[in-house]
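Coordinate inspection notes
One-letter residues, chain by chain:
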Amino acid sequence: MLVAAAVCPSPPLLVPEVAAGAAPEMDAARAACTDAIGVLAASRPDRLVVVGPAGLNGRGPHPQGARGSFRGFGVDLDVRLGAAPAEDAGQASERELPVSLAVAGWLLGRTAWSAAPVEGLGVGEPLEAERCIQVGGEIAAAADRVALLVMGDASACRTLKAPGYLDERAAGFDADVARALAAADVAALKALDAELAQELKAAGRAPWQVLAGAADGAGLSGELLFDEAPYGVGYLVAAWS
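This write-up is about the structure you can find in this document. What you are looking at is a predicted structure, and each value in this text was computed from that prediction instead of being measured. (Residues numbered from 1 in each chain as written. Predicted model: local features only at pLDDT ≥ 70, side-chain atom pairs only at ≥ 80, totals over all residues. Heavy atoms only, no water.)

Two numbers describe a pair of aromatic rings. These are the distance of the centres and the angle of the planes. Using the criterion set out here, one finds one aromatic pair in the structure. Measuring from centroid to centroid gives 6.5 Å for Phe 70 and Phe 73, while their planes differ by 45 degrees, and the two rings are tilted. Take Phe 70: its relative accessible area is 1%, and that puts it in the buried class. Residue class for Phe 73 comes out partly exposed when judged on its relative accessible area of 40%. (Phe/Tyr/Trp six-rings, centres within 6.5 Å; stacked < 30°, edge-to-face > 60°. Buried < 20%, exposed > 50% of the residue type's maximum accessible area, 1.4 Å probe, protein only.)

What follows is the structure in C-alpha cells.
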C-alpha cells in the first residue's frame, strides 16, 4: 500500500556541479525536494520506489546501488540510487540510470537516505495512461508500506526562451497539475491529456500517472511545496502523506 509520495522535478540543474554559476537559482527547489523526501522518511516505508521519465521506451527496473552519471553534462560526478548493497563489491550496474533517476540518486544521497531499501523504474514518456496507472497499482501492492519518489518536469514551453518555445497552453496545463498535486487529486492526474503533455514537453506526465495508480484508494493528502518556472520549464515539488 502507498503510504507517502514525494514529487520532484528532474533537471540536472538541481545538481550544483551541473548548474555551476547558476546553482543558487535552484536553491529553493532543492530545499523543497529535501522537505518532500523528509516526508517519505517519516512515513516509515518498507520500500522506496523511484519513478522517472526515461526516453521513449523506459529503462528498468534498477536495483539499489545502480549507478548514474552526469558526465554527459561535462561534470565528473557519479551517483548511486541509494546505498550500494554489501554484495555489490564495487561492481558497476549493467544499466546506467536514466538522467531523471540519477538526479533522484543525487537527492537521496544529499539527504543520506537510509529509511528503506530503494529501487528505480524508468518510465517511457509516451506510455499510455492506462498502463501507467496499472504499473502504479502493481508497485503499491508489492509491499505493506510503499513510498514513491516521483521525478519529472512540467511543461517546457512557458516562455519564449524555454526549450520548447512559448505555448499559450503551457501555463494552464502546469496550473492543473499543480492543483492536482496540492490536493492529492488522483482522478485529475489520471485524466491528464497525454498528447497535450507530449506537445508541451511535460516529461513528468507518465510518472505522475504512475503515482495516480499507486495512490488510488490510499486516502493520502497533498501539499504543494514549490511551483516555479525558471528557464521557462515548470518545476513542481509536492508531498503526499
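More follows now that the structure is in view.
Once that is clear, we can look at the side chain of Ser 43. Mapped onto the secondary structure, Ser 43 falls in the loop between α2 (27–42) and β2 (47–53). Discounting residues that sit within four places of it in the chain, Ser 43 has contacts with Val 3, Ala 4, Arg 145 and Ala 147. (Helix = DSSP H or I, 4+ residues; strand = E, 2+ residues; numbered from the N terminus. Contact = heavy atoms within 4.5 Å.)

Sheet strands pair by backbone hydrogen bonding; their relative direction is either parallel or antiparallel. With mixed pairing, six strands are arranged side by side in an open sheet as β5-β2-β6-β1-β8-β7. Each of the sheet's edge strands pairs with one partner strand only, and the pair in question is β5 (118–123) and β7 (222–228). Direction aside, neighbouring strands of the sheet carry axes that sit 15 degrees apart on average. The sheet contact formed by β7 and strand β8 (residues 235–240) spans six bridges and is antiparallel. (Pairing = 2+ DSSP bridges. Axes fitted to C-alpha atoms, helices over the stretch in contact; angles between N-to-C directions.)

The next thing to look at is unusual backbone geometry. A positive phi is found at Tyr 165, a non-glycine position, where the angle reads about 65 degrees. Among the secondary structure elements, Tyr 165 is positioned in the loop between β6 (146–151) and α5 (170–182). The phi dihedral of Lys 201 is positive, around 60 degrees, even though this residue is not glycine. Here Lys 201 is to be found in the loop between α7 (194–199) and α8 (205–215).

The subject of this paragraph is the pattern of salt bridges. Under the criterion given, the structure shown has 10 salt bridges. Linking Arg 158 and Asp 174 is a salt bridge whose minimum nitrogen-to-oxygen distance equals 2.7 Å. Here Arg 158 is found in the loop between β6 and α5, whereas its partner Asp 174 is found in helix α5, with 16 residues between them in sequence. By relative accessible area, Arg 158 is classed as partly exposed at 27%. With a relative accessible area of 3%, Asp 174 lands in the buried category. It is possible to trace a salt-bridge network through shared partners that takes in Arg 71, Asp 76 and Asp 78. (Salt bridge = Lys/Arg side-chain N within 4 Å of Asp/Glu carboxyl O.)

This brings us to the packing of α2 against helix α3 (residues 99–110). Running from N to C, α2 and α3 point in directions that differ by 75 degrees, and their axes come no closer than 10 Å. With respect to each other, α2 and α3 are oriented roughly perpendicular. Each of Arg 30, Cys 33, Thr 34 and Ile 37 in α2 lies in contact with α3, whose residues at this interface are Trp 106, Leu 107, Leu 108 and Arg 110. Partitioned by chemical class, the residues of the contact of α2 with α3 number five nonpolar, one polar and two charged. (Parallel < 35°, antiparallel > 145°, perpendicular 65-115°, else oblique. Nonpolar A, V, L, I, M, F, W, Y, C, P; charged D, E, K, R; others polar.)

A word on a nonpolar patch on the surface. On the surface, a cluster of nonpolar side chains totalling about 310 Å² of accessible area is made up of Leu 160, Tyr 165 and Leu 166. Relative to the helices and strands, Leu 160 resides in the loop between β6 and α5. We classify Leu 160 as exposed; its relative accessible area is 53%. (Patch = residues over 30% accessible without salt bridge, like charges linked within 9 Å, V, L, I, M, F, W, Y side chains within 5 Å. Areas by Shrake-Rupley, 256 points an atom, 1.4 Å probe, with all protein chains shown as cover.)

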